[in-house]
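Results of the structural survey
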Amino acid sequence: MKPIRGILFDMDGVVVEQRLDFPAIKREIFGDTEGFILERMERLALTERARAEAILERHEALAAVQAASMDGFLPFHAWMVGRGLKSGLVTRNSRKSVEAILGRLDIRFDAVVSREDAPPKPAPDPVLLACRRMGVDPAEAVFVGDFELDLLAGRRAGVMAVLLRSPGFRSSERADLVVDSLAELRDWLEAEARSAD
Ligand SMILES: [Mg+2]
C-alpha cells in the first residue's frame, strides 16, 4: 500500500452534525418520502426544479446555523495538519451551506467539492476531483464517510473507503476499514506508517 497523503471527509455525520430532516424535505418537494433528493430533482422540469432547489436551500440554510462539529473531528484535523496530510471535503450539500458551516466553525480544508462541482456521490467524480484539488493520487487517499453512498463513491474512485460507524449504519461490504471514531482511524494510520518505515 502507498503511504497515505490525503484524507477526504463526507460532511454530515463525519465533520459536522446538523439536523437536515430529509423525509420532511422530500415531503415538501415531492409529496412523499421516496428515494434520494438530488437524483429525483434531476428528473424535474425546470420550473419545478427551481422550486425544489429553493426548498432544499431553505432547509440547508436553517440547518447550517445550528450545525456543530462532530466529536473528535477537530483533534483529528489538528493531527492531520501536524502530520502534513492534505484534507478535503466531499459533500452532496450546496457550496453556500458548506461555506456557511465551515466559516462559522472555522474549519479549513485544502479541497472542497460540493454538488455544484461534480455529479454527486455515489459517482466517483467528486472524490476524484477532490484528490486532484488536494494534489494527491487516489491511491494515496482515504475517504471517510458514514453512509453507503460515500463508500460506493470511494471504492469507484480507487481510494481507501473508511466507514465511520454511526448508530444507524453499522457495516458495509464496501468498506476497506470500519472505525468507531476518528481517533481509531488515526491509530490505524500511525501503525500503518510505522510498519512502512
Ligand atoms: Mg454523511
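Quick caveat, the model's predicted, so the values are computed rather than measured. (Residues numbered from 1 in each chain as written. Predicted model: local features only at pLDDT ≥ 70, side-chain atom pairs only at ≥ 80, totals over all residues. Heavy atoms only, no water.)

Bringing the coordination of the magnesium ion into the picture now. For a metal bound by four donors in a tetrahedral arrangement, the ideal donor-metal-donor angle is 109.5 degrees, while six donors in an octahedral arrangement ideally sit at 90 or 180 degrees. Within the protein, the magnesium ion binds to Asp10 (OD), Asp12 (O) and Asp146 (OD); these donor distances fall in the range 2.1 to 2.2 Å. Spacing between the donor residues of the magnesium ion along their common chain follows D-x1-D-x133-D. Highlighted residues: Asp12 in the loop between β1 (6-9) and β2 (16-17) and Asp146 in the loop between β6 (141-145) and α7 (148-157), separated in sequence by 134 residues. Accessibility expressed as a relative area gives 16% for Asp146, which makes it buried. (Donors = N, O, S within 2.8 Å, 3.2 Å for Na, K, Ca; no water. Helix = DSSP H or I, 4+ residues; strand = E, 2+ residues; numbered from the N terminus. Buried < 20%, exposed > 50% of the residue type's maximum accessible area, 1.4 Å probe, protein only.)

Attention now moves to the pairing of strand β7 (residues 160-164). In terms of residue burial, β7 counts as a mostly covered element, since five of its five residues are buried. Every second residue of β7 is oriented toward a common face, with Met160, Val162 and Leu164 on one face and Ala161 and Leu163 on the other, all of them buried. When β6 meets β7, the two strands line up parallel, connected through four bridges. Within β7, the position partnered with Val144 by the bridge is Val162. As for the winding sense of the linkage, the β-α-β connection from β6 through α7 to β7 is right-handed. The pairing of β7 with strand β8 (residues 177-179) spans three bridges and is parallel. Paired with Leu163 across the strands is Val178, a residue of β8. (Pairing = 2+ DSSP bridges. Right-handed = clockwise from strand over helix to strand, strands pointing away.)

Another point: the packing of helix α3 (residues 46-66) against helix α5 (residues 95-105). Between α3 and α5, whose axes approach to 9 Å, the crossing angle comes to 5°. By the angle class used here, α3 and α5 are roughly parallel. Touching Glu57, Glu60, Ala64, Val65 and Gln66 of α3 are Lys96, Ser97, Ala100, Ile101 and Arg104, all from α5. In terms of residue class, the contact of α3 with α5 is built from four nonpolar, two polar and four charged. (Axes fitted to C-alpha atoms, helices over the stretch in contact; angles between N-to-C directions. Parallel < 35°, antiparallel > 145°, perpendicular 65-115°, else oblique. Contact = heavy atoms within 4.5 Å. Nonpolar A, V, L, I, M, F, W, Y, C, P; charged D, E, K, R; others polar.)

A few words now on the side chain of His59. Considering the arrangement of structural elements, one finds His59 in helix α3. A residue is classified by how much of its surface remains accessible, and His59, at 17% relative accessible area, is buried. If we ignore the near neighbours within four places in the chain, the residues touching His59 are Leu20, Ile25 and Glu28.

Moving on, we get to the packing of helix α4 (residues 73-83) against helix α8 (residues 182-196). Two quantities define a packed helix pair, namely the angle between the helix axes and the distance between the axes. In contact at an axis separation of 9 Å, α4 and α8 are set at 25° when each is read in the N-to-C sense. One way to sum up the angle between α4 and α8 is to call them roughly parallel. The residues of α8 that touch α4, namely those facing Phe73, Phe76, Trp79 and Arg83, are Leu182, Leu185, Arg186, Leu189 and Glu190. The residue makeup of the contact of α4 with α8, split by class, is six nonpolar, no polar and three charged.

We now examine the domain arrangement of the protein chain. According to the domain assignment, the protein chain consists of domain 1 (6-17 + 68-196) and domain 2 (22-66). Placing the centre of domain 1 and that of domain 2 at their C-alpha centroids yields a distance of 24 Å. Counting from both sides, the interface comprises 15 residues of domain 1 and, opposite them, nine residues of domain 2. Here domain 1 packs against domain 2, burying approximately 930 Å² in sum over the two surfaces, 52% of which is carbon and sulfur. Area buried by domain 1 at its contact with domain 2 is led by Arg92, Arg104 and Arg115, which between them contribute 46% of it. With a closest N to O distance of 2.9 Å, Arg115 and Glu60 form a salt bridge. (Domains from an automatic or database assignment. Buried area = accessible area lost by both parts, 1.4 Å probe. Salt bridge = Lys/Arg side-chain N within 4 Å of Asp/Glu carboxyl O.)

All right, on to the packing of aromatic side chains then. Under the criterion given, the structure shown has six aromatic pairs. Aromatic pair Phe73 and Phe109: ring centres 6.0 Å apart, planes at 40°, arrangement tilted. In this pair, Phe73 is assigned in helix α4 and Phe109 in the loop between α5 and β5 (111-113), connecting sequence segments 36 residues apart. Under the relative-accessibility criterion, Phe109 is labelled buried at 14%. The interplanar angle of 45° and the centroid separation of 5.3 Å between the aromatic rings of Phe76 and Trp79 together place this pair among those described as tilted. (Phe/Tyr/Trp six-rings, centres within 6.5 Å; stacked < 30°, edge-to-face > 60°.)

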